[in-house]
Amino acid sequence: MRCKKLLKYAAGISAFVWVAVLFIFCEARAADIGNCLLCHKYPGLSRIDENGDLKLLFINESVFNNSVHANVKCEGCHPDIKKIPHENVRKVDCMLECHIIEPSSEKKFSHKDVETFLSRSVHSKIDKEGKPKKYPEDYPDCKDCHDNPLYRPLSFFKKVRPGISEIVLGRCRVCHKKDEFIFRFYNHITTRLHAIRSPKNIAEVCAKCHEDPALVARHGLSRKAVSSYAETFHGKAANYLSEGIPDCLNCHVNIGESVHQMLSHKNPESITFKDNKIKSCRMIDCHPHASAKLAKYDVHPEFDKEKSPMEYYFTAFFLILTGGTLLPLAGIMFLDLGRRLFSRKKEDKE
Amino acid sequence: MAQNYIIKVKDGKKYFLRFTVNQRLQHIILASTVIILVLTGMPLKFHGTLWASYLYEQLGGISLAPIIHRVAAVILLLLGGYHLGYLTYNFYVEEIVPLRKNGKPGLIAITKAVLRQPIIPNLKDIRDILDLLKYLFFLTDKKPLGAKYTWKEKFDYMAPFWGIVMIGSSGIVMWGQDLATKILPGEIISFALIVHSDEALLAALFLFFWHWYNVHFSTSVFPMGTVFLTGYLTEELMVEEHYEYYVEVMTKEGFENEILPPPGVSAPHAPENHEEGSPIS
């Protein structure tokens with residue numbers, strides 16, 4: 001009898017523990033309405049696609065929750081996935097309207113405007129007449145340049161530093177009661193008050209196309225944009241992870257516009273048009289008092305007789321000077337060493 | 001105040017004054033600033049390499065290393081200015097003042113005085129280079145008999161003048177690019193970067209291979225020459241490198257009976273009635 005009672009107690013306690021665990025577990029997965037993480041939480045989840053490429057299907061929840069899309073549910077970007085196993089999963093369409101309500105217009109949020117901007121930019125797949133450009137597949141889609149960026153919050157309450165200011169959060173809590181909202185709002189705003197990527201990272205993204213020799217040749221682009229940028233002080237500093245140095249976008253995007261509105265350097269409205277370049281040099285954080293002549297500085301130099309003849313001959317002169325100076329001296333140095341060793345051997349024999 | 005003896009005798013060994021305290025301090029400042037400039041500059045030239053990233057990180061990275069580079073550059077430029085003043089003052093005291101006492105110092109007299117300076121390259125240097133090549137190719141066993149400053153030392157001394165002017169001026173243009181391009185065309189920045197970077201590489205290779213080989217790594221001085229610290233050179237090295245000047249100083253200081261034979265001659269031999277500029281016939 002006693003044994004039965006004990007078993008009842010044990011069953012009761014264990015049931016309570018399981019319910020508590022499930023409750024906690026359900027709380028943690030509340031954002032995952034479709035319970036997608038049931039499978040996608042496993043780091044090894046992957047498959048080989050039709051092209052033989054490995055597709056990693058793992059979602060790191062804590063990383064995702066710190067990304068700019070943390071509030072978008074899985075179904076927001078993958079509305080076509082209805083059953084397990086999934087069938088005919090379509091590519092993510094960034095132009096979809098998602099469930100988030102854009103607060104200023106109170107309409108469903110979408111990146112549709114970006115598509116409009118992009119269609120008028122140098123990166124559009126269609127030309128001015130609305131016809132497809134040559135090699136449309138070379139022009140970038142959203143995901144060619146964008147991943148799901150993480151928040152990069154800034155604190156500038158007393159000093160500017162990366163991270164969140166607890167003092168500011170304290171102020172927010174006076175009126176706003178939900179910590180999750182405060183945290184997201186803070187991140188949303190401060191992440192956008194500075195560059196979300198480092199100049200090196202931006203250059204790497206542009207390099208995916210602009211350093212591809214075949215693509216550069218196909219489109220008749222004049223320079224290898226990123227490796228030439230890397231040879232300037234801007235590029236060298238970017239390579240050492242300077243955040244304050246100008247990257248591709250600072251000079252190629254018209255001031256006050258979005259990267260999606262980038263224009264060709266042949267377009268007189270573009271900031272990279274020869275007469276407009278100085279405007280980007282003179283940005284308040286760069287060279288505000290610079291003379292118009294500063295823009296003549298070749299920010300994409302290449303060691304190439306056709307593209308940068310003056311730089312080519314100047315560099316060649318220094319190569320010859322270096323070789324012409326050091327090679328004879330190196331010759332004397334080695335002959336001297338040889339003669340010394342020979343003399344020492346001779347002395348040792350004597 | 002310490003007196004600079006031309007020949008110091010210590011424990012029966014003779015040591016010959018090569019550099020005064022002032023000159024040694026100038027050299028130490030020059031050497032340390034150049035090393036700092038190379039360390040903080042070369043990682044930018046070779047920015048894609050692993051060693052450059054590591055080295056630059058150790059030197060404070062992009063936020064600190066450029067500041068160190070500029071501070072060192074300013075010190076070096078000030079040193080260059082000081083050295084020009086030092087040269088001018090010494091030349092005035094040692095050459096112009098006596099010329100004034102003997103009459104008006106004309107342009108020809110001053111030019112001759114400049115060319116007479118032991119650091120100025122002359123025809124003997126060309127003869128010494130040719131003689132050295134003969135020696136190195138085993139065509140003779142006689143080494144050239146060096147003067148106060150050998151052609152190698154003159155080369156080492158003259159190189160920084162070219163280097164400081166080229167690297168310094170291009171560095172100033174890049175540092176003050178806004179002001180520079182108010183006066184000069186914008187293309188000057190591109191050329192300044194090439195000059196600064198390529199000339200610096202030439203200077204660094206020249207110093208760390210050629211200069212360091214001659215003063216630290218050659219078998220005569222390995223592992224380190226000490227004259228840049230003590231200011232004095234041993235008799236052995238004086239004979240090997242500056243025999244002509246050695247004979248001159250020994251005679252002048254009253255040690256003519258203790259003059260050692262020239263390099264490559266093993267038997268004790270004191271030169272007698274040697275001709276000027278060629279102590280051993």
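Preceding block: the structure.
All values derive from a computational prediction rather than experimental measurement. (Residues numbered from 1 in each chain as written. Chains lettered and ligands numbered in written order. Predicted model: local features only at pLDDT ≥ 70, side-chain atom pairs only at ≥ 80, totals over all residues. Heavy atoms only, no water.)

Peer 1: Describe the overall build of chain A, listing the residues and the values that go with them.
Peer 2: A tally of helices and strands in chain A yields 15 helices and six strands. Against the globule reference of 20 Å for 350 residues, chain A gives a C-alpha radius of gyration of 30 Å, more extended than a compact globule. C-alpha extents for chain A along the principal axes are approximately 110 × 80 × 55 Å. Every one of the 350 residues in chain A was classed for burial, and the buried ones make up 26%. Carbon and sulfur atoms make up 63% of the accessible area of chain A, which totals about 24300 Å². Charged side chains in chain A number 55 positive and 44 negative. The centres of these two groups are separated by 5 Å. (Helix = DSSP H or I, 4+ residues; strand = E, 2+ residues; numbered from the N terminus. Rg over C-alpha atoms; globule rule 2.2 N^0.38 Å. Buried < 20%, exposed > 50% of the residue type's maximum accessible area, 1.4 Å probe, protein only. Areas by Shrake-Rupley, 256 points an atom, 1.4 Å probe, with all protein chains shown as cover. Lys, Arg positive; Asp, Glu negative; His and termini not counted. Charge placed at Lys NZ, Arg CZ, Asp CG, Glu CD.)

Peer 1: Can you break down the interface of chain B and chain A residue by residue, with the values?
Peer 2: Between chain B and chain A, the contact holds 50 residues from the first and 40 residues from the second. Summing the contributions of chain B and of chain A, the shared interface buries around 4100 Å²; its carbon and sulfur component is 69%. In terms of surface lost to chain A, no three residues of chain B exceed His47(B), Leu136(B) and Tyr213(B), which account for 15% of the buried area on that side. The interface formed by chain B and chain A contains two salt bridges. Arg340(A) serves as the salt-bridge partner of Glu240(B), at 3.4 Å between the closest nitrogen and oxygen. Joining chain B to chain A, the criterion identifies 21 residue pairs in polar contact (both at pLDDT 80 or more). Contributing elements (two or more residues each) for the side of chain B that touches chain A: α1 (21-45), α2 (50-58), α5 (123-136), α6 (151-175), α7 (177-183), α8 (187-217) and α10 (235-241) of chain B. (Contact = heavy atoms within 4.5 Å. Buried area = accessible area lost by both parts, 1.4 Å probe. Salt bridge = Lys/Arg side-chain N within 4 Å of Asp/Glu carboxyl O. Polar contact = N/O pair within 3.5 Å; in protein donor to acceptor, adjacent residues only side chain to side chain.)

Peer 1: Explain the sheet that holds strand β1 (residues 7-10) of chain B to me, and be specific about the residues and the numbers.
Peer 2: Residues and elements named next belong to chain B. The three strands lie next to each other as β1-β2-β3, forming an open sheet whose pairing is antiparallel. Edge strands, defined here as strands with exactly one partner in the open sheet, are β1 and β3 (232-234). Across this sheet, the average inter-strand angle for adjacent strands is 35°, counted without regard to direction. Of the strand pairs in this sheet, strand β2 (residues 13-17) and β3 are connected by three bridges, and their pairing is antiparallel. In the strand pairing of β3, Leu17 is matched with Tyr232. Set on the sheet, helix α11 (residues 243-252) makes contact with β1 and β2; between it and β2 the angle comes to about 105°. (Pairing = 2+ DSSP bridges. Axes fitted to C-alpha atoms, helices over the stretch in contact; angles between N-to-C directions.)

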